[in-house]
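Coordinate analysis (summary)
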Amino acid sequence: MGDRPDAPPSNRRRKLLGSLAAGATLGTAGCMRRLRAATGWESVSPVSVGIKTLPADADPYALRVAQSVAGWFRAAGLEVSVTPVAPEELYRQVLIRNDFDAFVGRIPARLRDGDGLYPLLHSRFGSEPGWQNPFGYANLDVDDRLVEQRTATGEARREALAAVQRSVARTQPFSLVAFPDEIRAVRDGRFDGWHGIDFESPLGYLSLDEGSREASRATATATATAPSDDPATLRAVITDRRPTENLNPLAAEFRWTGVLTGLLYDSLGYEAETGGVEPWLADTWEFETVDGRPRARVRLRDGLTWHDGEPLTAADVALTYALLSDVTLGRTTAGTDTATEDDAAVAAPRFRGRSSLVADAEALDSRTVEIRFTECTAGVAARALTVPVLPDHVWRERASPASVGGVDFGATSEALVTNNVPPVGSGPFAFERNVPGDRLVLERFDDHFLAADPPADLPADVDGLPPFERVDVTVVGTDETAVSMVASGDADVTGTAVGAGTIPRIGRSEGVDLVVGRSPSPYVVGYNARRPPLTNPRFRNTLGHLVDQRALVDDVFDGYGWPAASPLAGTDLVPPDLRFEDEHPVTPFFGSNGAVDVDAARDAFREAGYEYDDGALVERD
Amino acid sequence: MGLATVLAQVAAGVVALHLLGLVAVVGRDGLAGAPGRVRANLRAVAPTLGLLVVVLAVNGVVRDVGVELSWLIGVNITGAIHALEGGFVAWVQSLATPPLTTYFSAVYVFGYAFLLTFPVVAYLACRSDRPVRTLLVAYAVNYALGLVCYVLFVSYGPRNVTPEAVDSLLYAHWPQAQLLTGRVNRNTNVFPSLHTSLSVTVALVAYRYREVYPRWTPVAAALAGSIAVSTMYLGIHWATDVVAGAALAAVAVAVGLRVTAPAGESADPVDGADPADGATGRWTDRVADWIRE
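An account of the accompanying structure is given in this report. This is a predicted model, so every value here is computed, not measured.

Residue and element names in this part refer to chain A. This model, assessed by the stated rule, comprises 37 salt bridges over all chains. Here Arg190 makes a salt bridge to Asp492, at a shortest N to O gap of 2.6 Å. Residue Arg190 is found in the loop between strand 5 (174–187) and strand 6 (191–192), and its partner Asp492 is found in the loop between helix 18 (479–487) and strand 20 (493–494); the two are separated by 302 residues along the sequence. Exposure remark for Arg190: the relative accessible area of 6% places this residue in the buried category. A salt bridge links Asp392 to Arg396; its shortest N-O distance comes to 3.0 Å. On the basis of relative accessibility, which here comes to 16%, the residue Asp392 falls in the buried class. A single salt-bridge network, built from bridges that share partners, covers Glu288, Arg295, Arg297, Asp360, Glu362, Glu370 and Arg372.

Below is the structure:
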């Protein structure tokens, strides 16, 4: 590297300092002027990127991905630090305070439908907290195409989404790492139907069947812990403390898949495996188009109740949509009479893509709600029906200002900061008790509509309440412990996915099955495009070239993952030119087999307008 | 449940070690007339025991709050420690063999529980109440200062920072152990190592009162050394945590000795057996005086 023609700035600085020390030319004012002019040009500083990620206990892969990526960035001359941060705190820093340069984590969005990209990347969400555009990404072309795909159909919609994916692959608001395989250990015999269910949806658990008797008796004799072997209890062991501490479906820093809050709270409909949305809490709905915008009349099932016995009515549904679009229910804008009063509304940080589809919702009678949508197609609009429905009589008062010890934290409301324990939902399971950080117990809700006369044609093969009466969730600290709990008969399923490193242990354990399914939530290196030099798409593009997805999948994921070039990979919405064949089609790795080609990386950064000083990447202040 | 099983295993193991210890360390002569001495000593140390119980109770309550508080006001020093010592723990682990893993796992869980509880029992049975009081005060100081550090510093252990180089050998070897250690420790509380500080505390007190049970001193020293190494070998602590833990132990024992010194000899410089050196001694004098007032 020593034979580069351009003298590093530090050498020039040294010479200058040397001449100053000699005191040879300091005598004149003209010289001072020249010195000031010259030093203005000398001001460079090293480019540093801090990567925040989850500790190994909380996530089997994230930290190792971050370490590998940090190594590649360092090889290219960046100053990189990797900081493990506890999950709740990481998501608070990344999603709510935007206090990060880069993070390694997973995008939780369920992206089967391309509209999932809308909240993730539209610049209008750049300043909102939560999983909507945490990157602060702004690209007018992407914005336009995201809006277009909401109103277009057929080939035009596919083309709009393909354009979005191509722009994202080039400008890298995040570098995709891989879609992981979700690995789980399940106990044989007690319950059936583990294979092929969707563990990231409450419907997956609701569609479990009773296990065959012989098998469950065999399990009972094989373990000495008879009382906890009660067949009426589904015992899940998880490595994430958060669901035992907070059950607020709106809290972005506490929710991951929302399976447990999904058991507690129903939605009007559920996304079906085949695409489209199927009725759940709703009996039926009818869409019509008024002034070019969809409008839906949703009829609720008869005799719905909340867990506290109050009836569930259309007013609850209307309140839910009002609260999702403004958690203060207009408090922050009350009294102001300006044209921009809506700007002050604070939207709930989850379900934002879906709540942004809804213009307003109105209860027509106790069982009918009319939902008016913004400009979009009925197919896209139906996604808005999958948000959890909240009880008016509990949540309306939570629109008041959030306060801690009497001090108001103005902008937000109690709805976002409450831990919502105990929760009042309408779902098939009701809260029984919790020990924060340790345990959560849910009990079957026998007044649920699934109990009496379960309707036919429910999504995901659900045909009534499941065979268990209780869901008992225990928290442990590591994947190994979670798997050993299932192996020893103390748990039925690892409720959170475990790392590939535990597969041998699962394989060795008798009566334990390995379930592997592909997750729709990819690992990414997310960049904060609000901070220089990450503001620069060319800089991010070069970083994208420094992530060797193949090496990560082989070394970190032990092959249990899939590299991809688009967050929609796995759907039929990916254009052929964005398929990940042997390498990333847009930002292929600079180097091979996990070794960076340093010269190629330096050339790319110089091309992007950066310089090197003694091997360190520097930028002008 | 899994936790109950682990607890029962550890309790059974520790009780067995206690019986062995009573026979081998205290001996038949030492046990003669022991019940009477235990009663007398218990009365004498009741206030100190109360202090320890209070500190432990506060510790138990504040630790959860402390973790939250720590994320608010604490400094995340994980990266600094990693930069300071680099791959030392990974090097320690490169020497791993299955028998060593079994040994260090057992020492970390069983040996530690035994090392902390046995001297309390043994010293209660001896003639003077000073050893047991010293020990209990030192325990309380360990927990109190440890808690302060845990609030001020956020730090993850090596298995959570460099998982590609450092295995969490304990949990891979014996996953259920995590049910127990997870109760006792949060994974952000690694600086300093309380396993090390409390073990070294026992060893230092054992050395200071080596005339009481001569056979206990080498056992305590060997166990304390093994436990300090095990925290690194198992990938739970950094070497930095271990060094800081040993320093904390020195402070705690110095305070313990000062607080329990008979009134007449309080201002005397510490004798040769005392672990604290000059600087620590002067500083701890003031702490001890303050505690005594």
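The rest of the description comes next.
Quick look at helix 11 (residues 216–233) of chain B now. Residue and element names in this part refer to chain B. For helix 11, spanning 18 residues, the distance from its first C-alpha to its last is 25 Å, which sits close to the expected 26 Å at 1.5 Å a residue. Taken as a whole, helix 11 has its buried residues at Trp216, Thr217, Ala220, Leu223, Ala224, Ser226, Ile227, Ala228, Ser230, Thr231, Met232 and Tyr233. Considering only its buried residues, helix 11 is in contact with helix 1 (2–31), helix 4 (88–94), helix 5 (98–124), helix 8 (169–173), helix 10 (194–208) and helix 12 (239–260). Just past helix 11, the residue Gly235 takes up positive phi, approximately 80°.

Attention now goes to helix 12 (residues 314–325) of chain A. Residue and element names in this part refer to chain A. Its 12 residues give helix 12 an end-to-end C-alpha distance of 17 Å, which sits within 8% of 16 Å, the value for a rise of 1.5 Å per residue. A large share of helix 12 lies buried, amounting to nine of its 12 residues. Every buried residue of helix 12 is accounted for by Ala314, Asp316, Val317, Ala318, Leu319, Thr320, Tyr321, Leu323 and Leu324. Buried residues belonging to helix 12 abut strand 12 (293–300), helix 13 (352–355), strand 13 (358–365), strand 14 (368–373) and helix 15 (392–395).

Attention now goes to the packing of aromatic side chains. Considering all chains together, one arrives at 28 aromatic pairs over all chains under this definition. Both rings, one in Trp194 of chain A and one in Phe199 of chain A, keep their centres 6.2 Å apart while their planes meet at 0°; by these two values the pair is stacked. Under the relative-accessibility criterion, Trp194 of chain A is labelled buried at 4%. Measuring from ring centre to ring centre gives 5.3 Å for Phe153 of chain B and Phe191 of chain B, while their planes differ by 85°; the resulting arrangement is edge-to-face. Of the two residues, Phe153 of chain B sits in strand 2 (residues 153–154) while Phe191 of chain B sits in the loop between helix 9 (177–184) and helix 10, which places them 38 residues apart along the sequence.

Attention shifts here to the sheet that holds strand 27 (residues 616–620) of chain A. Across a sheet, strands are paired by hydrogen bonds formed along the backbone, either parallel or antiparallel in direction. Residue and element names in this part refer to chain A. Taken in spatial order, the three strands make up an open sheet running 1-27-26, and their pairing is antiparallel. Unpaired on one side and paired on the other, strand 1 (44–46) and strand 26 (611–613) mark the two borders of the sheet. The mean angle between the axes of side-by-side strands here comes to 50°, regardless of whether they run parallel or antiparallel. One ladder, built from three bridges, connects strand 26 with strand 27; its direction is antiparallel. Bridge pairing in strand 27 places Glu611 opposite Val618.

Moving on: the packing of helix 1 of chain B against helix 5 of chain B. Residues and elements named next belong to chain B. In the contact formed by helix 1 and helix 5, the axes pass within 9 Å of each other and the chain directions differ by 45°. One finds that helix 1 runs oblique with respect to helix 5. In this structure, helix 1 crosses over helix 5, and the sense of that crossing is right-handed. Of the residues in helix 5, those touching helix 1 at Gln9, Val10, Gly13, Val14, Leu17, His18, Gly21, Leu22, Val25 and Val26 are Val109, Phe110, Ala113, Phe114, Thr117, Phe118, Val121 and Ala122.

Rules behind the numbers
- Residues numbered from 1 in each chain as written.
- Chains lettered and ligands numbered in written order.
- Predicted model: local features only at pLDDT ≥ 70, side-chain atom pairs only at ≥ 80, totals over all residues.
- Heavy atoms only, no water.
- Salt bridge = Lys/Arg side-chain N within 4 Å of Asp/Glu carboxyl O.
- Helix = DSSP H or I, 4+ residues; strand = E, 2+ residues; numbered from the N terminus.
- Buried < 20%, exposed > 50% of the residue type's maximum accessible area, 1.4 Å probe, protein only.
- Expected span 1.5 Å × (residues − 1).
- Contact = heavy atoms within 4.5 Å.
- Phe/Tyr/Trp six-rings, centres within 6.5 Å; stacked < 30°, edge-to-face > 60°.
- Pairing = 2+ DSSP bridges.
- Axes fitted to C-alpha atoms, helices over the stretch in contact; angles between N-to-C directions.
- Parallel < 35°, antiparallel > 145°, perpendicular 65-115°, else oblique.
- Left-handed = near helix turned anticlockwise from the far one by under 90°.

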